[in-house]
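For reference, the chains in residue letters:
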Amino acid sequence: MNFTDTHCHLEDEKFSDDLPDVLSRAKNSGVSRIINFGSTLESSELVTELAGKFDFLFAGVGIHPEETENFFENGTPDKLAELAKNKKVVAIGEIGLDYHWEKSSEGREIQKKIFVAQLDLARQLNLPVCIHDREAHGDTLEILKREGKGLRGVLHCYSGSPEMAKEIFKLGWLIGIDGPLTFKNSAKIPEVVKAAPREMILLETDAPYLAPTPNRGKRNEPAYLIDIAKKVAEVRNEELEEVARYTTENAERLYNLNGG
């Protein structure tokens, strides 16, 4: 079985001491491809460099909603576009909205403007999008309906309702399933996973964050993707081999990993 971890942050300093071992464990567990996503200009540069060193690594470049200071003043869109010229860059992301810490209406409006600007960049570059949506479901969906036309992508680490998921699927967007599916307090995520069409599901670890059970609370890594895949198979009453096959096909299709 081959799996694709469609969302990691292996450039993180938490992997600075043992990245070769992390990558070896990933391969041994069946993870044959990994997509690393930037959250700042610096990390976007790092994931692009990392992808150039390993055939099975790919990159996404973008500015996380918590890292939006001086986005327009620093010419960030042009810098991201330059990075995206690299053939190993397969997406714009991680971008979106995060209202967990940002409570001011002014700050949220800034996030929205930068989100829309990066959606427009993805459209210009003909690249898919990886979206971060934390406690901003309504605005995320509204912006995708208004500004996401002609784009394709995924809501990373999906945390919305089953009803929102149906709207996302209608737009042709996928959802990313992560470690929280394995948590005892996973709320509505199992319901969403059970009802989702096969062609709309991706597997992700978000390493080093959100390690799945039985490693919850530890540093996450791509090798743990198998635990998420097993839970998806259990929730959907499918064979693990099936989950491996269709989630890999979904990743290949969304991110054009076969270069077609």
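Below: a short report on this structure. (Residues numbered from 1 in each chain as written. Predicted model: local features only at pLDDT ≥ 70, side-chain atom pairs only at ≥ 80, totals over all residues. Heavy atoms only, no water.)

**Re the sheet that holds strand 7 (residues 174-177)**
And then number 1: Strands sit in the order 1-2-3-4-5-6-7-8 across an open sheet of eight strands; the sheet is parallel. A single partner strand is all that each edge strand has here, and the edge strands are strand 1 (3-8) and strand 8 (201-203). Going across the sheet, the axis of each strand differs from the next one's by a mean of 30 degrees, ignoring polarity.
And then number 2: The pairing of strand 7 with strand 8 spans three bridges and is classified as parallel. Paired with Gly-176 across the two strands is Leu-202, which belongs to strand 8. (Pairing = 2+ DSSP bridges. Helix = DSSP H or I, 4+ residues; strand = E, 2+ residues; numbered from the N terminus. Axes fitted to C-alpha atoms, helices over the stretch in contact; angles between N-to-C directions.)

**Concerning empty space enclosed by the protein**
And then number 1: Counted under the stated rule, the structure contains one cavity of 30 Å³ or more.
And then number 2: The computed volume of the largest cavity comes to approximately 30 Å³.
And then number 3: The wall of the largest cavity is formed by Ile-63, His-64, Pro-65, Thr-68, Ile-95, Gly-96, Gln-111, Ile-114, Phe-115 and Gln-118.
And then number 4: No other element matches the four residues that helix 4 (residues 105-125) contributes to the lining of the largest cavity.
And then number 5: Looking at side-chain class alone, the lining of the largest cavity contains five nonpolar, five polar and no charged residues. (1 Å grid on protein atoms, 1.4 Å probe; cavity = no way out; pocket = protein on both sides within 12 Å on 5 of 7 lines; lining within 4 Å. Points joined across faces, edges and corners; volume = space filled by probe spheres on them. Nonpolar A, V, L, I, M, F, W, Y, C, P; charged D, E, K, R; others polar.)

**Remarks on the environment of Val-22**
And then number 1: Structurally, Val-22 is set in helix 1 (residues 19-28).
And then number 2: On the accessibility criterion, Val-22 (0% relative accessible area) is buried.
And then number 3: Setting aside chain neighbours within four positions, we find Val-22 in contact with Leu-10, Phe-15, Arg-219, Glu-221 and Pro-222. (Buried < 20%, exposed > 50% of the residue type's maximum accessible area, 1.4 Å probe, protein only. Contact = heavy atoms within 4.5 Å.)

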